[in-house]
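# Reading the structure
Spelled out, the chains give:
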Amino acid sequence: MAAVCVAVIAKENQPLFLRTAKDDPDLHFHYFVHTSLDVIDEKVAAPVGRGNEQRDMYLGVLYPTEDYKIYGYMTNTKVKFIVIVENTNSLNKDSEIKQVFRTLHNAYCQNLLNPFYTPGEPITSKAFTKTIENLLQV
């Protein structure tokens, strides 16, 4: 499973970080990320069930396109992670995708621990970028 785009979106739906694996213009990936925010809002607004069940941070496939599958994840602080993978005949296992999101979430938490980073500002950390590039297999 190789991701082709990773995005980190702030609570207010402003992009904090977007990186692609290909040399293609990022514009169509911006479009995918932007449209997936509506799907995330719908999934989060839907009732969980009965009782005090907690919502899983992993949102699963937000929507598939002809070439890609878009997956979503939302932290407790409403920061959203979106990963776009190529839609190939091989099945992307949820466990692999969840591991990508765990790695991304850990990298984001490490970025928040940086005393020179202001939450809500675009992410410019070299360590965070290196982690994302490893996920993208650039």
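Preceding this paragraph is the structure being described.
Residues numbered from 1 in each chain as written. Predicted model: local features only at pLDDT ≥ 70, side-chain atom pairs only at ≥ 80, totals over all residues. Heavy atoms only, no water.

## Considering the overall build of the protein
When its secondary structure is counted, the protein shows three helices and five strands. Long-range contacts, defined here as pairs at least 24 residues apart, represent 53% of the contacts in the protein between residues at least 6 apart. Of the roughly 8,300 Å² that the protein leaves accessible, carbon and sulfur atoms contribute 50%. (Helix = DSSP H or I, 4+ residues; strand = E, 2+ residues; numbered from the N terminus. Contact = heavy atoms within 4.5 Å. Areas by Shrake-Rupley, 256 points an atom, 1.4 Å probe, with all protein chains shown as cover.)

## Remarks on helix H1 (residues 27–45)
Each full turn of the α-helix corresponds to 3.6 residues, which orients residues three or four apart in the same direction. Helix length check: H1 (19 residues) gives 28 Å between terminal C-alpha atoms against 27 Å at 1.5 Å per residue, within 8%. Listed as buried for H1 are Phe29, Phe32, Val33, Ser36, Leu37, Val39 and Ile40. (Expected span 1.5 Å × (residues − 1). Buried < 20%, exposed > 50% of the residue type's maximum accessible area, 1.4 Å probe, protein only.)

## With respect to the packing of aromatic side chains
Taken as a whole and judged by the stated rule, the model has nine aromatic pairs. Measuring from centroid to centroid gives 5.2 Å for Tyr73 and Phe101, while their planes differ by 10°, and the two rings are stacked. Of this pair, Tyr73 sits in strand S4 (residues 68–74) while Phe101 sits in helix H2 (residues 94–112), and the two are 28 residues apart along the sequence. Neither Tyr73 nor Phe101 differs from the other in exposure class; each is buried. Cluster of aromatic residues (ring-pair linked, three or more members): Tyr58, Tyr73, Phe81, Phe101 and Tyr108. (Phe/Tyr/Trp six-rings, centres within 6.5 Å; stacked < 30°, edge-to-face > 60°.)

## Some details on the nonpolar core
In terms of nonpolar packing, the biggest core is built from 25 residues, with Val8, Phe101, Leu104 and Phe128 touching the most fellow members. Mapped onto this core, the elements with two or more residues apiece are strand S1 (3–9), strand S2 (15–20), S4, strand S5 (80–86), H2 and helix H3 (126–136). In terms of residue count, H2 provides more of this core than any other element does, six residues in total. The contact partners of Val8, leaving out residues within four places of it in the chain, are Gln14, Pro15, Leu16, Phe17, Val79, Lys80, Phe81, Leu104, Tyr108, Ile123 and Phe128. (Core = buried A, V, L, I, M, F, W, Y, C linked by side-chain atoms within 4.5 Å.)

## Some points on the sheet that holds S2
Across the sheet, five strands lie side by side as S2-S1-S5-S4-S3; this open sheet has antiparallel pairing. Every other strand in the sheet has two partners, leaving S2 and strand S3 (58–64) as the edge strands with one partner each. Within this sheet the neighbouring strands show an average axis-to-axis angle of 15°, counted without direction. Judged from the seven bridges that link them, S4 and S5 form a sheet pairing that is antiparallel. Residue pairing across strands places Met74 opposite Lys80, the latter belonging to S5. Against the sheet, H1 engages S1, S2, S3, S4 and S5, with an angle of about 125° to S3. Running over the sheet, H2 touches S1, S2, S3, S4 and S5 and is turned about 135° from S5. (Pairing = 2+ DSSP bridges. Axes fitted to C-alpha atoms, helices over the stretch in contact; angles between N-to-C directions.)

## Regarding H3
Within H3, the full set of buried residues consists of Phe128, Thr129, Ile132, Leu135 and Leu136. Take H3 and look down its axis: the buried residues cluster within an arc of 115°, on one side only. Exposed side chains of H3 directed beyond 90 degrees from the buried face belong to Lys126, Ala127, Lys130 and Asn134. Of the surrounding secondary structure, the elements contacted by the buried residues of H3 are S1, S2 and H2. (Arc of directions from axis to C-beta.)

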